[in-house]
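The primary structure of each chain is shown beneath.
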Amino acid sequence: MTKSIAVAGKGGTGKSTIAALMVLYLKRNNLTPVLAIDSDPDSNLGTLLGIEPHLTLGDLKNETIEGLKNLPAGISKANYFETGLQEIIEESKGFDLITMGRGEGPGCYCYLNNLVRKFHEDLMNSYKWVVIDNEAGLEHISRRTTTNINSLIVVVNNNPISFHTAKRIDILTEKLKISFERKFVIGNMIKKEFEEDFIRKISELNMEYICNIPYSSELEEAVMKGEPVSNVCDQFDGYLDLIFRKIGGQ
Ligand SMILES: Nc1ncnc2c1ncn2[C@@H]1O[C@H](COP(=O)(O)OP(=O)(O)O)[C@@H](O)[C@H]1O
Ligand SMILES: [Mg+2]
């Protein structure tokens, strides 16, 4: 059975970092194959994982819409697009990556979006774990493009707005009855003096608190230099053990 995790929250809280640490943890513990999905238009999950994506889903959709005008005889729209979909999967050791990329240009994408949905469903089933790094806004949640996810993890940092985002996501997901089996909060770099208050506030949500990931200067430096986080990820193992024990599947 595939287990899927969506990481959400306000921009800058550490979603991509935590998603990357999760993917690398699963890889190092042989809980593979893993599919990483970068669904933030300002994509950087690939960089954090040490992969530069050559083709995003957004590029492919735009190319298809353009290409359709001069499609070779005998090739259907679906054919053309589905061949391209195989190419957007970046294969690495222990995990694959799909980058959603930028949004859509003018033109009708509904047909392609239906093919993407089916492709995603089929694809996700062939992995043990799927980790999705979401965009900062709540669009994917309100548009219900994030569906059938086992665990939703909302990342919160010292910025009080990030707590409000968690609260909004909580309310929205309750209201829409979106199928997340469980909802969690992870603190990132919450200062010691705020931690108690933070945990108390989280207890008012329909979300389970997992842990507070500490600030790491080595991590910050690696990211600043554009290096993959694989060089510095070991120091977070204790926290990741806790996260995966809590969300299950180990
Ligand atoms: N635990 C941490 N220690 C040090 N720096 C961190 C930590 N978590 C995140 N960062 C830094 O904070 C910034 C924002 O993180 P990022 O994962 O890109 O956030 P988001 O994806 O939510 O926008 C990045 O520069 C990242 O390196
Ligand atoms: Mg990000």
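Residues numbered from 1 in each chain as written. Chains lettered and ligands numbered in written order. Predicted model: local features only at pLDDT ≥ 70, side-chain atom pairs only at ≥ 80, totals over all residues.

K.L.:
Would you explain unusual backbone geometry in this entry?
P.N.:
Backbone phi values are negative for most residues with the exception of glycine, while trans is the configuration of most peptide bonds. Of the consecutive residues Thr32 and Pro33, the connecting peptide bond is found in the cis state with omega at 0°. Positive phi, close to 55°, is recorded for Asn30, a residue that is not glycine. Tracing the chain through its elements places Asn30 in the loop between helix 1 (15-28) and strand 2 (34-38). Accessibility expressed as a C-beta count within 10 Å gives 8 for Asn30, which makes it exposed. Positive phi outside glycine occurs at Met189, with the angle close to 60°. Looking at the element boundaries, Met189 is found in the loop between strand 7 (180-188) and helix 8 (192-202). (Helix = DSSP H or I, 4+ residues; strand = E, 2+ residues; numbered from the N terminus. Buried ≥ 20, exposed ≤ 12 C-beta atoms within 10 Å, placed from the backbone.)

K.L.:
Please explain the sheet that holds strand 2 as it appears in this structure.
P.N.:
Sheet strands line up and pair through hydrogen bonds in the backbone, either parallel or antiparallel. One open sheet accounts for 8 strands, arranged 3-4-2-5-1-6-7-8; its pairing is mixed. Of all the strands in the sheet, just strand 3 (90-91) and strand 8 (208-213) have a single pairing partner and so form its edges. Where strand 2 lies against strand 4 (residues 95-99), 5 bridges are found, and the strand directions are parallel. Within strand 4, the residue paired with Ile37 across the bridge is Ile98. The strands that helix 7 (residues 160-176) touches are strand 1 (3-8), strand 6 (149-156) and strand 7; relative to strand 6, the one it contacts most, it runs at about 155°. Packed onto the sheet, helix 10 (residues 237-247) meets strand 1, strand 6, strand 7 and strand 8 and runs at close to 170° relative to strand 8. (Pairing = 2+ DSSP bridges. Contact = placed C-beta atoms within 7 Å. Axes fitted to C-alpha atoms, helices over the stretch in contact; angles between N-to-C directions.)

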